[in-house]
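Tertiary structure, described
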Amino acid sequence: MATSGARSSRFGGLGQWWGVLAGALLVAAWINRAAGPAVIVTLSAAVLLWSFFQAPVTCGAPVRGRNDGCRNNATGLLMGCHIRQHRWQKLRMLILRRQVRDFCSGLFSDGKATLVTLAAIGSFLSGLVALIPGVALG
Ligand SMILES: [Zn+2]
């Protein structure tokens, strides 16, 4: 699973947005109410994993001499691009507490990142509400 390769060409780039499709299904499942909590939890987990480890966002790792950081494509909010030093950069930022703020500002650095971040927050809340019935409104 963790191997990187020429996997993305199969879907012509659109395939990496499958998390958005899963997110749409998740919203539909909530509206419908016909889908059971198991479906909602599964979809929530899928969207969350996608946004953390697969979503096509910008790497954004600090690069000397650039204010906006690395512009390569990264795989997910928690991962960097193919450059080895960048790969774990964001997880490292989360561990080092004084860099958490930098990490958080990176979550809304551009439209793509904001969309993926909102998907992560939404799916997290959705999964939480589905898992703990007492939290649900009705
Ligand atoms: Zn990078």
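Residues numbered from 1 in each chain as written. Predicted model: local features only at pLDDT ≥ 70, side-chain atom pairs only at ≥ 80, totals over all residues. Heavy atoms only, no water.

**Description of the overall build of the chain**
Check the secondary structure of the chain and you find six helices and two strands. Going from the N terminus to the C terminus, the chain shows its helices and strands as α-α-β-β-α-α-α-α. For the chain, the residues scored as buried account for 30% of the 138 residues in total. Look at the contacts in the chain between residues 6 or more apart in sequence, and 48% of them connect residues 24 or more apart. As presented, the chain carries roughly 9,300 Å² of accessible surface, and 64% of it is formed by carbon and sulfur atoms. (Helix = DSSP H or I, 4+ residues; strand = E, 2+ residues; numbered from the N terminus. Buried < 20%, exposed > 50% of the residue type's maximum accessible area, 1.4 Å probe, protein only. Contact = heavy atoms within 4.5 Å. Areas by Shrake-Rupley, 256 points an atom, 1.4 Å probe, with all protein chains shown as cover.)

**Concerning the coordination of the zinc ion**
The protein atoms that coordinate the zinc ion are Cys59 (SG), Cys70 (SG), Cys81 (SG) and His86 (ND1), at distances spanning 2.0 to 2.4 Å. Ordering the donors of the zinc ion by residue number gives the pattern C-x10-C-x10-C-x4-H. Note that Cys59 is positioned in the loop between strand 1 (56-58) and strand 2 (73-75) and His86 in helix 3 (residues 84-87), a separation of 27 residues in sequence. The residues Cys59 and His86 share a single accessibility class, namely buried. (Donors = N, O, S within 2.8 Å, 3.2 Å for Na, K, Ca; no water.)

**Quick word on the environment of Pro37**
Along the chain, Pro37 turns up in helix 2 (residues 37-53). In this structure the C-alpha to C-alpha distance between Pro37 and Val129, which are 92 residues apart in sequence, comes to 9.3 Å.

**Looking at the packing of aromatic side chains**
By the definition in use, this model includes two aromatic pairs. Note on Trp17 and Trp50: the rings are 6.0 Å apart at their centroids and 55° apart in plane angle, and the pair reads as tilted. Taken together, the residues span a long stretch of sequence, with Trp17 in the segment before helix 1 (18-32) and Trp50 in helix 2 at a distance of 33 residues. For Trp50, a relative accessible area of 0% gives the class buried. (Phe/Tyr/Trp six-rings, centres within 6.5 Å; stacked < 30°, edge-to-face > 60°.)

**Things to note about the nonpolar core**
Ala55, Val57, Cys59, Cys70, Leu77, Phe103 and Val116 are the most contacted members of the largest nonpolar core, which has 16 residues in total. Elements with a contribution of two residues or more to this core: helix 2 and helix 6 (111-131). Excluding residues that lie within four positions of it along the chain, Leu77 makes contacts with Ser51, Phe52, Val57, Lys90, Phe103, Leu107, Ala113, Val116, Thr117 and Ala120. Core analysis: the second largest hydrophobic core is formed by seven residues, Ala22, Leu43, Val47 and Ala130 among them. (Core = buried A, V, L, I, M, F, W, Y, C linked by side-chain atoms within 4.5 Å.)

**Quick look at the side chain of His86**
Residue His86 is classed as buried on the basis of its relative accessible area, which comes to 11%. In this view, His86 contacts Cys59, Ala61, Pro62, Val63, Cys70, Gly80 and Cys81; residues no more than four positions away in its chain are not counted.

**Thoughts on the side chain of Thr117**
Here Thr117 shows up in helix 6. Residue Thr117 is classed as buried on the basis of its relative accessible area, which comes to 3%.

**Quick notes on helix 6**
When the terminal C-alpha atoms of helix 6 are compared, their 30 Å separation across 21 residues agrees well with the 30 Å that a helix rising 1.5 Å per residue should span. Among all positions of helix 6, only Ala113, Val116, Thr117, Ala120, Ser123, Ser126, Gly127 and Ala130 are buried. Looking at the buried residues of helix 6, the elements they touch are helix 1, helix 2, strand 1 and helix 5 (100-106). The opening residue of helix 6 is Asp110, an N-cap whose side-chain oxygen sits 3.3 Å from the backbone nitrogen of Lys112. (Expected span 1.5 Å × (residues − 1). Polar contact = N/O pair within 3.5 Å; in protein donor to acceptor, adjacent residues only side chain to side chain.)

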